[in-house]
Amino acid sequence: MAMEWLTHDRYLDSAAADALRVVQLAEGADMDARVPSCPDWALRDLLFHHGMVFRWIGEIVARRATERVPFREVPDREMPAGGEADWLLAGAERTVATLREAGPDVALWGWARGGGTRWWGRRIAHETLVHRVDAELTVGARPEADPGLAADNVDELLVNALDLGATAFDKRAALSGAGDSLHLHTTDTPGEWQLLPAEEGFSLDYGHVKADAAVRGTARDVMLWLNGRLPEGEAGPERFGEERVLELWRGGLSLG
């Protein structure tokens, strides 16, 4: 049985709280500090990317857009030097308010699963969760996550990756064809996923089934592992099977 989504307000509350956490971490931090989980980025780049994503989503919702909005048409794109945190927070607050006012049932363009405000609410919650972790790793703070939200993060990533029209997964083709299966299992909240290679992409089932490789642990640890955000030196979740199988799946499911 597919995982039940959290409520629209829960997603937006999470996005607002995690955006505020990023801002608090960034205040007084070195904007040139490297982001360990995104080594091509400095902290400044992380804040700009996240602030632009908030503004882009807000523009899609505000326009009730049924087609993709180009980034060049998004207003307020200039992040001021010295005001990076305030700029990010302003975009986050506007977009969360816009999504909250729209409600979960507005049809909109989205890059996977048919889009809509409900889908975008879930998407921005998990975009912000992952980038909050990026900010924490950058300043040396240990990332934590609510188990229910962390398990939902795993499910959101997998469900979006199932959509072959979703171009955000630029390494997904490596999962196609004959290959080894993967089982993911969260131990502190319900969550079990069985991933099988398919002729195109992969298939997804729920429940406990033996697989060629498996990842088992708290929802926080499974989420961090799947997103490539385990802090250096942490063992993370238990892993079973060949490392090449685990890394093939994790690489194929990474957001490009």
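Here the structure is a predicted model, which is why all the values come from computation and not from measurement.

### A short note on the pairing of strand E6 (residues 213-217)
And step 1. Counting buried positions along E6 gives four out of five residues, so the element sits mostly inside the fold.
And step 2. In terms of strand pairing, strand E3 (residues 182-186) meets E6 through five bridges, oriented parallel. Its bridge partner being in E6, Leu184 is matched across the sheet by Val215.
And step 3. Relative to strand E7 (residues 238-240), E6 runs antiparallel, the two sharing three bridges. By the bridge assignment for E7, Arg216 is matched with Glu238.

### Comments concerning the sheet that holds E6
And step 1. Ordered in space as E5-E4-E3-E6-E7, the five strands form an open sheet in which the pairing is mixed. Lying at the two open borders of the sheet, with one neighbouring strand each, are strand E5 (202-206) and E7. Going across the sheet, the axis of each strand differs from the next one's by a mean of 15°, ignoring polarity.
And step 2. Across the face of the sheet, helix H5 (residues 147-162) comes into contact with E3, strand E4 (192-197) and E5 while running at roughly 145° to E5.
And step 3. Set on the sheet, helix H7 (residues 243-252) makes contact with E3, E4, E5, E6 and E7; between it and E6 the angle comes to about 75°.

### A closer look at the side chain of Glu156
And step 1. Take Glu156: it is sitting in helix H5.
And step 2. If we ignore the near neighbours within four places in the chain, the residues touching Glu156 are Arg122, Arg123 and His126.

### Points about the pattern of salt bridges
And step 1. According to the stated counting rule, one finds 25 salt bridges in the structure shown.
And step 2. One salt bridge connects Asp18 with Arg132, and the closest N-O pair in it is separated by 3.0 Å. Linking Asp18 in helix H1 (residues 8-26) with Arg132 in helix H4 (residues 117-139), this pair joins segments that are 114 residues apart in sequence. No difference in accessibility class separates Asp18 from Arg132, as the two residues are buried.
And step 3. One salt bridge connects Asp134 with Arg229, and the closest N-O pair in it is separated by 2.7 Å. In this pair, Asp134 sits in helix H4 while Arg229 sits in the loop between helix H6 (219-226) and E7, placing the two residues 95 residues apart along the sequence. When sorted by exposure, Asp134 lands in the same class as Arg229, which is buried.
And step 4. Shared partners join several salt bridges into a network, and the residues in it are Arg142, Glu144, Arg220, Asp221 and Glu234.

### Section: the packing of aromatic side chains
And step 1. Scanning all chains against the criterion turns up nine aromatic pairs.
And step 2. Plain terms: the ring middles of Trp56 and Trp109 are 5.8 Å apart, the flat faces sit at 70° to each other, and that makes the pair edge-to-face. One end of the pair, Trp56, is in helix H2 (residues 43-63); the other, Trp109, is in the loop between helix H3 (84-102) and H4, with 53 residues separating them in the sequence.
And step 3. By relative accessible area, which is 7% here, Trp56 ends up buried.
And step 4. Ring centres of Phe202 and Trp249 lie 5.8 Å apart, and the angle between their planes is 90°; this geometry places the pair in the edge-to-face category. Highlighted residues: Phe202 in strand E5 and Trp249 in helix H7, separated in sequence by 47 residues. You'll find Phe202 and Trp249 in the same group, each marked buried.
And step 5. Taking the ring centre of Trp87 as reference, the NZ or CZ of Arg55 above it sits at 3.9 Å.

### What about the layout of surface pockets?
And step 1. Of the pockets and cavities examined, the largest pocket occupies roughly 1000 Å³.
And step 2. Along the walls of the largest pocket sit 37 residues, with His49, Glu127, Ala168, Leu255 and Gly256 positioned nearest its centre.
And step 3. At the level of secondary structure, the elements contributing two or more residues to the lining of the largest pocket comprise strand E2 (38-42), H2, H4, H5 and H7.
And step 4. Looking at the lining of the largest pocket element by element, the count peaks at six residues for H4.
And step 5. The residue makeup of the lining of the largest pocket, split by class, is 17 nonpolar, eleven polar and nine charged.
And step 6. As for the second largest pocket, its lining consists of Pro36, Ser37, Leu137, Gly140, Ala141, Gly228, Arg229, Leu230, Pro231 and Glu232.
And step 7. Its residues placed into classes, the lining of the second largest pocket shows five nonpolar, three polar and two charged.

Definitions and cut-offs
- Just so you know, the residues in each chain are numbered from 1, in the order the chain's sequence is written.
- Reporting in this predicted model follows two pLDDT cut-offs: at least 70 for local features of residues, and 80 or more for side-chain atom pairs to be given and counted; totals over whole chains, interfaces and linings ignore these cut-offs and use all residues.
- To get the side-chain values, take all heavy atoms of the structure and skip hydrogens and water.
- To sort residues, take the accessible area from a 1.4 Å probe on protein chains only and compare it with the maximum for the residue type: under 20% means buried, over 50% means exposed, and anything in between is partly exposed.
- Strands are runs of DSSP state E lasting at least two residues, helices are runs of H or I lasting at least four, and both sets are numbered from the N terminus onward.
- Any two strands are treated as partners once DSSP identifies two or more bridges connecting them.
- To obtain an axis, a line is fitted to C-alpha atoms, over the contacting stretch when the element is a helix, and the angle between two such axes runs from 0 to 180 degrees between their N-to-C directions.
- Whether two residues touch is decided by their heavy atoms; if any such pair falls within 4.5 Å, the residues are in contact.
- Counted as salt bridges are all cases of a side-chain nitrogen of Lys or Arg within 4 Å of a carboxyl oxygen of Asp or Glu.
- Any pair of Phe, Tyr and Trp rings, taking the six-membered ring for Trp, is counted once the centres come within 6.5 Å. Such a pair is stacked with planes under 30 degrees apart, edge-to-face with planes over 60 apart, and tilted for the rest.
- The rule is short: NZ of Lys or CZ of Arg within 6 Å of the ring centre and within 35 degrees of the ring normal puts a charge over the ring.
- Detection works on a 1 Å grid of protein atoms alone, calling trapped sets that fit a 1.4 Å probe cavities and calling open sets with protein on both sides within 12 Å along at least five of seven lines pockets, with lining residues defined by an atom within 4 Å of a point.
- Grid points are joined across faces, edges and corners, and a volume is the space filled by probe spheres set on the points.
- Gly falls in the polar group here, along with every residue not listed as nonpolar (Ala, Val, Leu, Ile, Met, Phe, Trp, Tyr, Cys, Pro) or charged (Asp, Glu, Lys, Arg).

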